[in-house]
Each structure stands twice: as structure tokens, then as C-alpha cells.
Amino acid sequence: MAQLIDGKKISQEIKDELRDKVASLQQQGIEGALAVIQVGNDPASSVYVRNKKRACEYIGIRSESYELPEETTEEELLALIETLNEDPKVNGILCQLPVPAHMDENKIIRTISPEKDVDGFHTQNVGALVVGQQGFVSCTPAGVIQLLKRSGIEIAGKNCVVVGRSNIVGKPMALLMLKENATVTICHSRTADLKAVCKQADILIVAVGKPKMITAEYVKEGATVIDVGIHRQEDGKLCGDVDFDQVEPVAGAITPVPGGVGPMTIAMLMNNCVEAMTR
Ligand code: GUN
């Protein structure tokens, strides 16, 4: 039986630690506020936004909600972001992605002040990660590092394979594992013999967005398997990019879906918000 990596429990621990930190900052007169922008009403985005606001409430920081209609112009959105950049009471800003097709996502990310970019998407923060300087780190990959560390899984010297090369997960994930002294391989849709490469991994991190793509043949006996994917199946149940039932007997440790990486993203967003308060 593989060790089950419990993201629900670990994210709760992190939020409790942050709640204590926020309470002590408040005693020093330091208050936190996160501005959360949502354009349109994509149902999945609404769920994420609601959970982010709840997490703020839990750790004791204020959240400001900006729910803009789908027809909002890019100019209007950028003007709001600029106002929030200048607002000394707001220390974190996030714009829930995706934004409607008539907007340029990159331009929006660029407009958020890097000092308030708690998502860690601004090129200044991404660049800081590349060269090993202080900056905000993308929440999901930062959450994976915490899952590994808090589950007692050694990273240094291990072969780590990251499947997926997105700006939000795959690329920063690889950089963070490198920072932890793993030997890192990044795979993607054009990788030759993906199975053979994955099978070399001591730590296999999967963020491809394809339900149950990683089956037992991709996994080395005893490997740690981290599943970043989340999909709603026809029967209404959730599954990941990893075929859990097949892979669990082979793995040494594995994250479930739901209850693995998912809850860590918001915990690490809260971590970034608290960091923004102390900067
Ligand atoms: N959409 C999906 N994931 C994220 C995230 O981490 N941050 C934002 N802002 N939008 C998202």
C-alpha cells in the first residue's frame, strides 16, 4: 500500500500556521487585504473565487471582491488593476483566469504590480524564481513542494520527472524541484517514449490535463506520484491525470484526487498574501 499524501490535512496545518501569523501581525498594527477580480461568471471560476475568499476569512485577512460583467472592456479592467496597485490598503491582487476572449491575459498579468502579484504570474516574479531571488512563487507548484516536505519525502538527489510545461505549473514546478536539488526532466506532448522517461522518476509530477493518462506502466516501483490534474468524469466523480487505482499499488507514495494537490493551491495563495503583508 502506498503512503497517501494528505493535501487536505497539510493545507489545514498551513492555514492554521498562517492564521497565527496574521494574528500576531495584527497585534503589530499590520492588516492584510486581498483584492479578487473575476470577469464573467464561469461556474468553475466562481467556485475557486468563493474558496479563496473563504480562506482569507479563515486566516483573518480582508478580501475585496470585484465581480465584473463579461462585457467589461480590457481598458476598464486595467484601470481597476491600476487603482488597486496604488491602494495602500490592498497588499495582494489576483485576477481569476481565464479572462474572456476579448482580453489579453498577458497584458493583465503584466499590469498587476509584481509586489502585489500573489499568484506569482508576473514575469518579474517568474524571473526571480529562475535566478533564485526573492519573489512570489506560483501557488500550485509551491504547494507540491510543501506536500513533499511535510510528508517526509526526500527531494535532494532524486530523479524528478515533471509531465507538462505550462507557465503556471510545469515550468515553475521544475525550477522549484531544481532549487531543492533534484535532477529534473520536463516532459511534454512531443517527448519521445514518455513512458520510459516517466519510469525513471523517483518523483513523478503530472500536470498534463488528461484524465487518467498515467497508468501503472509509467511508474517505477516505489516512486512518489504527485497528481496535479482534476477532471469531472461522466459519473460525476472527480479524477486526476493519474489512474489512481492502477498506480497506487505500484507507487511508494501518491496524492489522491480530490484531497491531494487541490487544497494546497489556496493554502499557498494565503501564504503569499501573508508574505505580501510582511514585505
Ligand atoms: N485559474 C486557474 N488557476 C488559477 C490560479 O491559480 N490563479 C488565477 N488567478 N487563476 C487561475
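Further up the page is the structure itself.
Nothing here was measured: the structure is a model prediction, and the numbers come from that model.

Rules used in this analysis
Residues numbered from 1 in each chain as written. Predicted model: local features only at pLDDT ≥ 70, side-chain atom pairs only at ≥ 80, totals over all residues. Heavy atoms only, no water. Core = buried A, V, L, I, M, F, W, Y, C linked by side-chain atoms within 4.5 Å. Buried < 20%, exposed > 50% of the residue type's maximum accessible area, 1.4 Å probe, protein only. Helix = DSSP H or I, 4+ residues; strand = E, 2+ residues; numbered from the N terminus. Contact = heavy atoms within 4.5 Å. Near = heavy atom within 4 Å. Polar contact = N/O pair within 3.5 Å; in protein donor to acceptor, adjacent residues only side chain to side chain. Areas by Shrake-Rupley, 256 points an atom, 1.4 Å probe, with all protein chains shown as cover. Nonpolar A, V, L, I, M, F, W, Y, C, P; charged D, E, K, R; others polar. Phe/Tyr/Trp six-rings, centres within 6.5 Å; stacked < 30°, edge-to-face > 60°. Lys NZ or Arg CZ within 6 Å of the ring centre and 35° of its normal. Pairing = 2+ DSSP bridges. Axes fitted to C-alpha atoms, helices over the stretch in contact; angles between N-to-C directions. Expected span 1.5 Å × (residues − 1). 1 Å grid on protein atoms, 1.4 Å probe; cavity = no way out; pocket = protein on both sides within 12 Å on 5 of 7 lines; lining within 4 Å. Points joined across faces, edges and corners; volume = space filled by probe spheres on them.

## Let's talk about the nonpolar core
It is characteristic of soluble globular proteins that their nonpolar side chains tend to be buried jointly.
Now for step 1: Ranked by internal contacts, the top residues of the largest apolar core, which has 51 residues, are Leu 34, Val 144, Leu 148, Met 177, Ile 203, Ile 205 and Met 270.
Now for step 2: Elements with a minimum of two residues in this core: helix H1 (7–27), strand S2 (33–39), helix H2 (43–59), helix H6 (139–150), strand S5 (159–163), helix H7 (170–179), strand S7 (203–206) and helix H10 (262–278).
Now for step 3: Counting residues per element, this core draws most heavily on H10, which supplies ten residues.
Now for step 4: The residues contacting Met 270, other than those within four sequence positions of it, are Leu 18, Leu 34, Lys 52, Ala 55, Cys 56 and Ile 59.

## Things to note about the site of the ligand
Now for step 1: Every residue close to the ligand is listed here: Lys 52, Leu 94, Cys 95, Gln 96, Leu 97, Asp 119 and Phe 121.
Now for step 2: Between Cys 95 and the ligand, the recorded distance is 2.9 Å, taken from a backbone N or O atom to a nitrogen atom.
Now for step 3: Between the ligand and the protein, one listed contact pairs a nitrogen atom with a side-chain N or O atom of Asp 119 at 2.7 Å.
Now for step 4: Burial of the ligand by the surrounding chains reaches 78%, relative to a free accessible area of 280 Å².
Now for step 5: Grouping the constituent residues of the shell around the ligand by class yields four nonpolar, one polar and two charged.

## What to know about the packing of aromatic side chains
Now for step 1: Evaluated as defined, the whole model comprises zero aromatic pairs.
Now for step 2: Of note, Lys 15 hangs over the ring of Tyr 58, and the distance from its end group to the ring centre comes to 6.0 Å.
Now for step 3: Residue placement shows Arg 279 over the ring face of Phe 136; its charged tip is 4.1 Å from the ring centre.

## Structural notes on the sheet that holds S5
Now for step 1: A sheet is described by the order of its strands in space; here six strands give the open sequence S1-S11-S8-S7-S5-S6, paired in parallel fashion. Every other strand in the sheet has two partners, leaving strand S1 (3–4) and strand S6 (183–187) as the edge strands with one partner each.
Now for step 2: Alignment of strand S8 (residues 224–227) against strand S11 (residues 253–254), held across two bridges, turns out to be parallel. Looking across to S11, one finds that Val 225 is bridged to Ile 254.

## Some words on the sheet that holds strand S4 (residues 92–95)
Hydrogen bonds between backbone groups are what pair the strands of a sheet, and the pairing can be parallel or antiparallel.
Now for step 1: Strand order across the open sheet formed by three strands is S3-S2-S4, with parallel pairing between neighbours. Strands at the two margins of the open sheet, each flanked by one partner only, are strand S3 (62–68) and S4. On average, each strand axis in the sheet is inclined to that of its neighbour by 15°, with strand direction left out of account.
Now for step 2: Pairing between S2 and S3: seven bridges, direction parallel. Within the sheet, the bridge partner assigned to Val 39 lies in S3 and is Leu 68.
Now for step 3: Here H2 sits on the sheet and contacts S2, S3 and S4; the angle it forms with S2, its principal contact strand, is near 170°.
Now for step 4: Of the strands in this sheet, S2, S3 and S4 are in contact with helix H3 (residues 74–86), which crosses S2 at around 180°.

## Some remarks on the pairing of S4
Now for step 1: Side chains Gly 92 and Leu 94 project from S4 onto one buried face, and the interleaved Ile 93 and Cys 95 project onto a second face that is buried too.
Now for step 2: Summarising the sheet, S2 and S4 pair through four bridges and their orientation is parallel. In the strand pairing of S4, Val 36 is matched with Leu 94.

## Observations regarding H6
Now for step 1: In this model, H6 (twelve residues) spans 16 Å end to end at C-alpha, consistent with the 16 Å of a helix rising 1.5 Å per residue.
Now for step 2: Among all positions of H6, only Cys 139, Thr 140, Pro 141, Ala 142, Gly 143, Val 144, Ile 145, Leu 147 and Leu 148 are buried.
Now for step 3: Buried residues in H6 make contact with H1, H7, S7, S8 and H10.
Now for step 4: Gly 152 lies just past H6 and shows a positive phi near 75°.

## Some words on the layout of surface pockets
Now for step 1: Here the second largest pocket is characterised by a volume of approximately 360 Å³.
Now for step 2: Breaking the lining of the second largest pocket down by element, the ones donating at least two residues are helix H5 (123–131), H6, H7 and H10.
Now for step 3: Looking at the lining of the second largest pocket, the element that brings in the most residues is H6, giving five residues.
Now for step 4: Taken together, the residues of the lining of the second largest pocket sort by class into nine nonpolar, eight polar and four charged.

Note that every value here comes from positions in space, so none of it alone points to a role or purpose.
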